[in-house]
Every structure is written in structure tokens, then in C-alpha cells.
Amino acid sequence: PTPQRTALILAGGAGTRLRPLSSDDNPKQFLRIFGGVSLIEKTVARIGPLVSPESIFISTNDQYAAKCTAFLPNLPKGNILTEPARRNTATAIALCCFAIEAMTGGDPVIAVLASDHYIADEAEFVRVLDRAYQFASRTDYLIAIGIEPTEPNTGYGYLQLGDEIEPGITAVERFTEKPSRDRAEEFLAAGNYAWNASMFVWRASVFRRALAAAAPEIAAVTRETYESMPSISIDYALMEKAPRVAAIVGDFGWSDVGSFESLERAGVPVKELLKEYQ
């Protein structure tokens with residue numbers, strides 16, 4: 001049988017880059033500024049064609065758990081998973097993936113997605129994610145969704161792409177965190193680089209094994225030991241070290257909307273909104 005498709009949406013971030021629009025109490029993922037809809041609602045709705053509500057899980061903290069429940073009434077309440085402390089993405093993703101594995105009782109395919117990214121072409125995104133689910137369900141690769149770069153952006157991480165594994169799926173040679181302007185221009189000119197969107201797809205058992213090899217301390221995480229874990233991103237802890245990482249590169253108008261400029265490009269009337277804060 002095909003493994004169950006699940007999704008883990010990371011919604012614990014504090015949205016510090018969009019102050020004063022966002023605040024500690026109301027971070028970016030909850031701002032109803034996209035035609036009256038929030039990014040977290042858009043994220044859940046977008047994956048609707050591929051994942052049923054009972055298979056969508058949210059990773060957040062105690063501060064935002066009630067907000068997640070209020071914004072996403074169609075999700076089972078037990079699918080809102082809270083992290084006991086802020087320890088960056090590796091620890092949060094590990095704890096939640098283990099919980100999803102236990103709750104589904106099988107070897108589900110898990111897509112790890114951000115709750116606060118903007119995607120213009122949702123149909124193309126669904127096509128790319130569907131392809132990632134298919135590939136993950138029958139291989140032992142960790143899959144990163146890459147973005148066709150449009151400029152030498154120094155605010156994003158980059159994936160260096162190697163050989164094609166099968167049509168549309170490429171081996172990842174290397175992860176590079178936010179590069180200098182010169183290096184970003186070199187990457188763009190080389191043509192075999194994609195932006196790292198920090199969206200990942202893997203089978204639960206494949207993730208567990210890869211994490212045990214790359215970061216055994218984090219692979220041993222429980223709710224009781226959570227606060228003693230290192231604060232480290234999933235890229236550093238796992239993806240940069242894992243031997244079998246593949247990329248599917250999409251071009252679907254993606255932005256992490258980490259600045260007012262990117263919000264404006266996504267069609268949000270920033271100047272009007274900011275007037276309310278003066």
C-alpha cells in the first residue's frame with residue numbers, strides 16, 4: 001500500500017522582521033492581510049488537494065496553540081503539537097515527526113512546510129509537492145523543494161544541484177547558507193543552483209534513520225529532554241550532512257515574505273496598513 005500522506009506545518013515563529021505589522025502576540029503567519037486571509041490558512045487550504053485535514057499537523061508553542069486552533073477549526077485539536085521550548089527547527093521537526101509516526105501507526109510520508117510563506121501559483125506548487133510525495137513514498141531520499149532563483153538574493157540559502165536521479169528530480173550536492181552577493185551572482189551564473197525554500201518531504205522511517213546518523217542527540221529527543229536540546233536548524237543538523245538528499249525545483253512565485261518589499265510584491269498594501277500604526 002502507498003504510505004499515508006501527512007503534512008507538518010511549522011507555526012512557532014515570532015515574525016520579527018515585519019514589526020510593527022506583526023507582534024509577539026500576532027506574528028506573520030496570523031496576519032489577515034492577504035485579502036482578509038492569513039498565511040497559515042492559505043498554507044492549509046493550498047495542500048487540501050493532497051492531504052486530508054486529519055493528516056495535517058501544526059508545530060507551534062503554547063503561546064500560539066489557541067490561535068492555531070481558532071484559525072484552523074477543521075483540523076483535529078490533537079493535531080496541534082506544541083513544543084516545550086524554543087529550540088529552532090531541528091528539534092521541533094524531530095519531536096513532531098516522531099509524534100506523527102506514532103499517531104498514524106504506519107510509515108507516513110511527511111511534508112514539512114512553513115506556515116508563513118507566500119505562493120502565487122498554487123496549482124504548480126501542488127504539482128511539485130505531489131511529485132515529492134510520490135518520490136518519497138518509494139525511495140529512501142530526503143527531499144528538499146527548491147525554487148528557481150530569479151535574482152542573486154543573499155537572504156536565502158542555496159542548493160547546489162548535481163546529477164538527475166530521474167526526470168525532474170536531482171541530487172543535492174551541497175547546501176549553502178545565505179551567501180555573499182558575489183557568491184550569489186556566481187551561483188546564478190552557474191545555473192545549477194536553486195533557492196532552499198526550507199520545505200522538505202520524507203518518509204518517517206527514512207527521516208528517523210538519517211537523523212540518528214547525522215544528529216543522534218536530537219534523534220533521542222523526548223518532551224522531557226526537549227529543553228536540554230541544542231538550538232539548531234534542520235539544515236545544519238540534518239540536511240547538510242545526510243548522504244541521500246534530492247531536490248525538486250519549482251517555479252511557483254514563492255516568497256518567504258520576510259520584508260515589506262516582498263509583502264508589496266505579493267500584493268499587500270503595506271503603506272496603507274502601516275498608517276494604522278502611526
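All of these numbers come straight from a predicted model, not from anything done at the bench.

Participant: What is the right way to look at the overall build of the protein chain in this model?
Facilitator: Along its length, the protein chain carries ten helices and eleven strands. For 278 residues, the compact-globule estimate of 2.2 N^0.38 gives 19 Å, and the C-alpha radius of gyration of the protein chain, at 18 Å, lies within 12% of that figure. Principal axes of the C-alpha set define a box for the protein chain whose edges measure 50 × 45 × 35 Å. Out of the 278 residues belonging to the protein chain, those deemed buried represent 55%. Partitioning the contacts of the protein chain with sequence separation of at least 6, the portion at a separation of at least 24 is 75%. Summed over all atoms, the accessible surface of the protein chain reaches about 12,100 Å², with 49% contributed by carbon and sulfur. Taking the 27 positively charged and 35 negatively charged side chains of the protein chain as two groups, their mean positions are separated by 3 Å.

Participant: What is the right way to look at helix H3 (residues 88-104) in this model?
Facilitator: Along an α-helix, residues three or four apart share an orientation, since each turn contains 3.6 residues. For H3, with 17 residues, the first-to-last C-alpha span of 25 Å sits near the 24 Å given by 1.5 Å per residue. Residues Ala90, Thr91, Ala92, Ile93, Ala94, Leu95, Cys96, Cys97, Phe98, Ile100 and Glu101 constitute the buried set of H3. Positive backbone phi, at 70°, marks glycine 105, one or two positions downstream of H3.

Participant: Quick question: what am I supposed to make of helix H2 (residues 62-71) here?
Facilitator: Residues of H2 that are buried include every one of Tyr64, Ala65, Cys68 and Phe71, and no others. Considered in projection along H2, the buried side chains sweep an arc of 140° and stay on one side of the axis. With respect to the buried face of H2, the exposed residues turned more than 90 degrees away are Asp62, Ala66 and Ala70. Of the surrounding elements, those touching the buried residues of H2 are helix H1 (39-46), strand S2 (56-61) and strand S3 (80-83).

Participant: I'm lost on the pattern of salt bridges in this one. Help?
Facilitator: A side chain with one charge can pair with a side chain of the opposite charge if their charged atoms come near. Following the criterion strictly, the structure yields 15 salt bridges and no others. In this structure, aspartate 256 and arginine 17 form a salt bridge, with 3.4 Å as the shortest nitrogen-oxygen distance. Here arginine 17 lies in the loop between strand S1 (5-10) and H1 and aspartate 256 lies in the loop between strand S11 (254-255) and helix H9 (260-265), a separation of 239 residues in the sequence. Since its relative accessible area comes to 51%, arginine 17 is described here as exposed. Close ionic contact of aspartate 116 with lysine 28 constitutes a salt bridge, the shortest N to O distance being 3.4 Å. Remark: lysine 28 occurs in the loop between S1 and H1 and aspartate 116 occurs in the loop between strand S4 (109-114) and strand S5 (118-119); sequence separation between them is 88 residues. Lysine 28 shares its class with aspartate 116; the two are buried.

Participant: When you look at unusual backbone geometry in this model, what are you seeing that I'm missing?
Facilitator: With an omega of 0°, the peptide bond running from arginine 19 to proline 20 counts as cis. For proline 20, the location among the structural elements is in the loop between S1 and H1. In this model, asparagine 88 sits at a positive phi of 65°, which is unusual for a non-glycine residue. Along the chain, asparagine 88 turns up in helix H3. For valine 257, which is not a glycine, the phi torsion comes out positive at approximately 30°.

About the thresholds
- Residues numbered from 1 in each chain as written.
- Predicted model: local features only at pLDDT ≥ 70, side-chain atom pairs only at ≥ 80, totals over all residues.
- Heavy atoms only, no water.
- Helix = DSSP H or I, 4+ residues; strand = E, 2+ residues; numbered from the N terminus.
- Rg over C-alpha atoms; globule rule 2.2 N^0.38 Å.
- Buried < 20%, exposed > 50% of the residue type's maximum accessible area, 1.4 Å probe, protein only.
- Contact = heavy atoms within 4.5 Å.
- Areas by Shrake-Rupley, 256 points an atom, 1.4 Å probe, with all protein chains shown as cover.
- Lys, Arg positive; Asp, Glu negative; His and termini not counted.
- Charge placed at Lys NZ, Arg CZ, Asp CG, Glu CD.
- Expected span 1.5 Å × (residues − 1).
- Arc of directions from axis to C-beta.
- Salt bridge = Lys/Arg side-chain N within 4 Å of Asp/Glu carboxyl O.

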